[in-house]
Amino acid sequence: MTIARLFHQFGSPPHFYRLAGRMLPWFATACVACLAAGLYGGLVLAPPDYQQGESYRIIFIHVPSAWMSLFVYMVMAACGAIVLIWRMKLAEVVAQASAPIGASFTFMALVTGSLWGKPMWGTYWVWDARLTSELILLFLYLGVIGLQSAYEDRRTGARAAAVLALVGVVNIPIIHYSVEWWNTLHQGPTVTKLDKPSIHLSMLVPLLLMAVAFKLYYATLLLMRARSDLLERERNAAWVRDEVAAR
Amino acid sequence: MTARNQLDGITLASREARPPTTAPVLLEGRALACQRGERMLFRGLDLTVHAGELVQIHGPNGSGKTTLLRILCGLTRPTEGEVRWVAEEPDAAGLEADVHYVGHLAGVKLELSPLENLAFVARLRGGRAGASPRDALARLGLAAFEDEPLRTLSAGQRRRTALARLLTRVARLWILDEPFTSLDVEGTATLVELMDEHVARGGAVILTSHQPVRLGDRGPRMIELGR
Amino acid sequence: MSAGSPLGAAMAVLQRDLLLAIRTRRELVNPILFFVLVVSLFPLGVSPEQSLLRALGPGVLWVAALLATLLSLDGLFRSDFEDGSLEQMLISPQPLGMLVLAKILAHWLVTGLPLLLVTPLLATLLALPDHALPVLLTTLVLGTPVLSLVGAIGVALTVGLRRGGALLSLLVLPLYVPVLIFGSNAVSSAAAEIPVTGQLYMLGAMLALALTLAPIAAAAALRISLH
């Protein structure tokens, strides 16, 4: 089977719908397992931090959320490129389903970051470089979501959002480095909370487990959203009637 | 061209299979489909336009006439199918350089005079020069108004300015969406004359109109949508 | 059959847009008025104290210039969209990116450049030291075209929407952050007599990047939103 045919087959809505249905339980189970192990390791087994005490434990949520916020945007932009170049319907669905999930991760990173800020800085909000970048990233997500829903025609909305996501991807590094530069100018070189020279293994393992759990959570949610979105888009197609009749 | 093909409950009829088979094919649409939201406007539409042909697209409101014209001139992408500009000559210009489209929106600036509008379009499009802007406006009965701002002119005169574009640059295919709208009797007669000359020179016209169009003794080839 | 030169078509668009701006005029004044009003509100809202104004000045000037640009953006494609001129550009044989670039240039000449005229006055109002004024003007010359170019993508994406205005600011403002940071920082550094070549190079690099990519992105966006 050639790559092109594989690509085509994977992109066909009925094939994807069934494949996603088969994969869903595996992703969900693995996600719960990683989440349980990571939370146990992070909240129970890992020792308290010698400076921050117990409050540092929020990193087991905060850091994976921040990682995911960028990761999901990259997935969305990659799908956007596929939408614009190959007009693949499945990529439209994945991009559209990813945007709200990515925005939620970004929002969670912001909320946990500011909650963590209270014990660390004595205030909920500091114009820290990372938090500021996350805030702008949230605005970028909201723009993509707003544009997707502003068009009556779904496919037009998806293509418009794809252009915006790609423009965003070109801009994210520029925004990130300019914000970082701005921050060092105004606050002086402060030790940011993530740039620990070394992290103890008992903290690193649960952190990585949580990161995997978040990835799996995204995959699970994405498959669920994409499946329902496909059913709605293709509701007049024969394969959807067959699927529904089989229930 | 097949007389009738039925697909998904939408019937596409193409009466009067009388294209001169020797004339070169200008434009070819294959298996065109267009979906707007939930509705499938048309599907499986095959369309071939030869040089020297007048094609009228007919159908009730909302049957996708304007959409079909926009697909043919490349403004809208069809949901399925493809439009091909068939150029036999090796040095033929592409579709864009050889098509005039006059849509619902006139594409003229109200702040500019008819002359300025035409001069701009000529520079924008480039291509082979036809009549001078002055001659084109005179042909459409605007000789006395060529320097008035379009804002002060009537809807019919604005439409005439838009139609004068057809003459200033030579293009083989004219795609006209309801071109008779707001034209008076004399303006309608002039436009029919222009189309007649264009077709006689080997050009082609695709238009939508609710009124019957006759060039001399010949009627147009009809394409029915939404029946 | 030649298709005409892309540069000639771009020049035609530029000249036509400038002519239209001169004929309508109000477009010329609005951003300047807005710029002046926003800046003069700050001392009223914050404090008229010189030292405070001096500290806030560069940021206030840049935020006001950014908002003035945002306000004027809506006019970039709006009238051409409404009267069908944009359709004609889309189906013209010329590369759409060039035409879009010409439109953005015309728009900046009409709305961005005039901001520079009142900037010395506003700098005085905000107690900016005299030696920082050349740097302020340089950052505006380098930065406001970036705002217009990036903004054009946002306008192109929303021009077909009925309530595109509110969405436009959400799409465009986050992308303006780097220009704001480097622009205002260069001015405050200059006021403190710190070298600013680094910031100016960054603004220049952003301008080069935006000049290359933004017209292509805006052209793609127009083809999608006029679908």
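Our subject in this report is the structure included herewith. (Residues numbered from 1 in each chain as written. Chains lettered and ligands numbered in written order. Predicted model: local features only at pLDDT ≥ 70, side-chain atom pairs only at ≥ 80, totals over all residues. Heavy atoms only, no water.)

Assigned secondary structure in chain C consists of ten helices and zero strands. For chain C, the N- to C-terminal ordering of α and β elements is α-α-α-α-α-α-α-α-α-α. Relative to a compact globule of 227 residues, whose C-alpha radius of gyration would be 17 Å, chain C shows 18 Å and is just as compact. Overall size of chain C, expressed as C-alpha extent along the three principal axes, is 65 × 35 × 30 Å. The buried share of chain C, reckoned over its 227 residues, is 56%. Restricting to contacts in chain C with at least 6 residues of sequence separation, those with at least 24 account for 82%. Accessible surface for chain C amounts to roughly 9,000 Å². Of this, 71% is attributable to carbon and sulfur atoms. Distance between charge centres in chain C, computed from 10 positive and 10 negative side chains, equals 8 Å. (Helix = DSSP H or I, 4+ residues; strand = E, 2+ residues; numbered from the N terminus. Rg over C-alpha atoms; globule rule 2.2 N^0.38 Å. Buried < 20%, exposed > 50% of the residue type's maximum accessible area, 1.4 Å probe, protein only. Contact = heavy atoms within 4.5 Å. Areas by Shrake-Rupley, 256 points an atom, 1.4 Å probe, with all protein chains shown as cover. Lys, Arg positive; Asp, Glu negative; His and termini not counted. Charge placed at Lys NZ, Arg CZ, Asp CG, Glu CD.)

What follows is about the side chain of Thr220(A). All names here are of chain A. With respect to the helices, strands and loops of the structure, threonine 220 is situated in helix H7 (residues 201-233). For threonine 220, a relative accessible area of 9% puts it in the buried group. Beyond its immediate stretch of four places on either side in the chain, threonine 220 contacts Leu24, Phe27, Ala28 and Cys31.

A side chain of one charge can pair with a side chain of the opposite charge when the charged atoms of the two come close. Residue and element names in this part refer to chain A. Here the structure, examined in full by the defined rule, presents 29 salt bridges over all chains. In this structure, the salt-bridge partner of glutamate 92 is arginine 155, at a minimum N-O distance of 3.0 Å. A residue pair is termed long-range when its members are at least 10 positions apart, and glutamate 92 in helix H4 (residues 89-121) and arginine 155 in helix H6 (residues 154-187) qualify at 63 residues. On the accessibility criterion, glutamate 92 (2% relative accessible area) is buried. Given a relative accessible area of 29%, arginine 155 falls into the partly exposed group. (Salt bridge = Lys/Arg side-chain N within 4 Å of Asp/Glu carboxyl O.)

Let us now look at the environment of Leu41(B). Considering the arrangement of structural elements, one finds Leu41(B) in strand E4 (residues 39-50). Expressed as a C-alpha distance, the spacing of Leu41(B) and Leu68(B), which sit 27 residues apart in the sequence, is 9.4 Å.

Counting residues in hydrophobic clusters, the biggest one holds 168 residues, and the most contacted among them are Ile206(B), Phe35(C) and Leu222(C). By residue number, the principal contributor to this core is helix H7 (residues 133-158) of chain C, which donates 13 residues. With sequence-adjacent residues up to four places away left out, Phe35(C) is seen in contact with Leu61(C), Ala64(C), Ala65(C), Ala68(C), Leu115(C), Val118(C), Thr119(C) and Leu122(C). Among the nonpolar cores identified, the runner-up in size contains 29 residues, and Val108(B), Leu115(B), Val199(B) and Val205(B) belong to it. (Core = buried A, V, L, I, M, F, W, Y, C linked by side-chain atoms within 4.5 Å.)

Let's shift gears to the pairing of strand E3 (residues 25-36) of chain B. All names here are of chain B. Relative to E4, E3 runs antiparallel, the two being bridged by eight bridges. Looking at the pairing, glutamine 35 lines up with methionine 40 of E4. Between E3 and the antiparallel strand that follows it, E4, lie two residues; glycine 37 among them carries a positive phi value of about 60°. Across five bridges, the pairing between E3 and strand E6 (residues 80-85) is antiparallel. Following the sheet pairing, glutamate 28 is matched in E6 by arginine 84. (Pairing = 2+ DSSP bridges.)

Let us look at the sheet that holds E6(B). Two strands in a sheet stick together by hydrogen bonds in their backbones, pointing the same way (parallel) or opposite ways (antiparallel). All names here are of chain B. With respect to topology, three strands assemble into an open sheet ordered E4-E3-E6, the strand pairing being antiparallel. In this open sheet, the two strands that pair with only one neighbour each are E4 and E6. The sheet shows a mean angle of 10° between the axes of neighbouring strands, taken without regard to direction. (Axes fitted to C-alpha atoms, helices over the stretch in contact; angles between N-to-C directions.)

Before going further, it helps to examine the interface of chain B and chain C. Every contact between the two is made by 28 residues of chain B and, on the other side, 33 residues of chain C. For the pair chain B and chain C, the summed buried area comes to about 2,800 Å², and 57% of that belongs to carbon and sulfur atoms. Area buried by chain B at its contact with chain C is led by Lys109(B), Arg123(B) and Leu124(B), which between them contribute 24% of it. Remark: the boundary between chain B and chain C carries four salt bridges. Across the salt bridge formed by Asp83(C) and Lys109(B), the nearest N and O atoms sit 2.9 Å from each other. Here chain B is connected to chain C by twelve residue pairs in polar contact (both at pLDDT 80 or more). (Buried area = accessible area lost by both parts, 1.4 Å probe. Polar contact = N/O pair within 3.5 Å; in protein donor to acceptor, adjacent residues only side chain to side chain.)

Moving on to the packing of helix H3 (residues 59-86) of chain A against helix H5 (residues 129-150) of chain A. Residues and elements named next belong to chain A. Remark: H3 packs on H5, axes separated minimally by 11 Å, with the N-to-C direction vectors making an angle of 35°. Note on packing geometry: the crossing formed by H3 with H5 is left-handed. Contacts between H3 and H5 involve Ala66, Ser69, Leu70, Val72, Tyr73 and Met76 from the former and Glu134, Leu137, Leu140, Tyr141 and Val144 from the latter. In the contact of H3 with H5, the residues fall into nine nonpolar, one polar and one charged. (Left-handed = near helix turned anticlockwise from the far one by under 90°. Nonpolar A, V, L, I, M, F, W, Y, C, P; charged D, E, K, R; others polar.)

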